[in-house]
Amino acid sequence: MDKQTTASKVAEHKIIKARTSIVQEGRLGIASMIVPLILKEVSESVCDTMATDGTHIFWCDKFVNKCDESELKFTLIHEALHCTWAHHLRREKRDPKLWNVACDYAINGELSRTGEISYWKMPEGALYKTEYVGKTADEIYAELEQKQKAEKQNGGSSDPSQDGDQDDNQNGSGKSDGKKEGDDLGNSNQGRPSDFGTAGGVWDAVNDKGKPLTKSENIDAQTELKNKVRVSESVD
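Residues numbered from 1 in each chain as written. Predicted model: local features only at pLDDT ≥ 70, side-chain atom pairs only at ≥ 80, totals over all residues. Heavy atoms only, no water.

Student: Explain the overall build of the protein to me, using residue names and the numbers behind them.
Tutor: Per the secondary structure count, the protein includes 8 helices and 4 strands. Walking the protein from its N terminus toward its C terminus, one meets helices and strands in the order α-α-β-β-β-α-α-α-α-α-β-α. In the protein, which comprises 236 residues, the proportion classed as buried is 49%. (Helix = DSSP H or I, 4+ residues; strand = E, 2+ residues; numbered from the N terminus. Buried < 20%, exposed > 50% of the residue type's maximum accessible area, 1.4 Å probe, protein only.)

Here it is as structure tokens:
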């Protein structure tokens, strides 16, 4: 077994262990949103942390293997909230990277407000800013978009992921580490930012053929999601 295969197997085991821990500790509502997500390993060049499209959790072994269990639990719950809040279904024509940044601020603000320090830990580089706590991704996106436009006009930096109390820690080198199972799905996803390196991304939902959802498919998916969320809330 080569080094890369070993690293992948260790990483997958760590994810499964963290996911199991969430279930065993009685967090059944959020667990019901995490467990159905299919684990798909991807190359670092496709996603250098974790991401979800509402059906899968895409993961990079380098990110997973540098996280401890509390950081992995945080990231899994983070991904589940992307799904719960329908971030994978609601981007529409918004910029993929800016949407990811806004969604991350919204989720991390909520988790920092409600989290237990002994239970989870925000990974290094995760986006968090106190002014966004309690705001929705839509509200944050509008604010970031305005700020980005103003900074561009003034000749400043227009990278929204640099606007936080924690730095955007770019983990990926962009080098290929051999094709992984989820690479094709990742590379073809129109909602995947090409340079988003913070923990816990969200990509657009796709249909069974890997294509973007039609308007009617998106409506059906949102209806199905509302039912799942209702069930998860009933067991919490």
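Back to the write-up after that little detour.
Student: Could you give me a rundown of the sheet that holds strand β2 (residues 50-52), with the residues and numbers involved?
Tutor: Where strands meet in a sheet, backbone hydrogen bonds hold them as pairs that are either parallel or antiparallel. An order of β1-β3-β2-β4 is seen for the 4 strands of this open sheet, with the pairing classed as mixed. Each of the sheet's edge strands pairs with one partner strand only, and the pair in question is β1 (38-41) and β4 (201-202). Bridging between β2 and strand β3 (residues 56-59) involves 3 bridges; their strand directions are antiparallel. Each residue of the ladder has a partner; that of A51, found in β3, is F58. (Pairing = 2+ DSSP bridges.)

Student: Kindly report on helix α8 (residues 215-235), identifying the contributing residues and their values.
Tutor: Helix length check: α8 (21 residues) gives 31 Å between terminal C-alpha atoms against 30 Å at 1.5 Å per residue, within 8%. Of the positions making up α8, those classed as buried are N218, L225, V229 and S232. Taken end-on, α8 shows its buried residues confined to a sector of 60°, consistent with a single buried face. Turned more than 90 degrees off the buried face of α8, the exposed positions are D220, K226, R230, V231 and S234. On the buried face of α8, the contacting elements are α2 (28-34) and α4 (69-84). (Expected span 1.5 Å × (residues − 1). Arc of directions from axis to C-beta. Contact = heavy atoms within 4.5 Å.)

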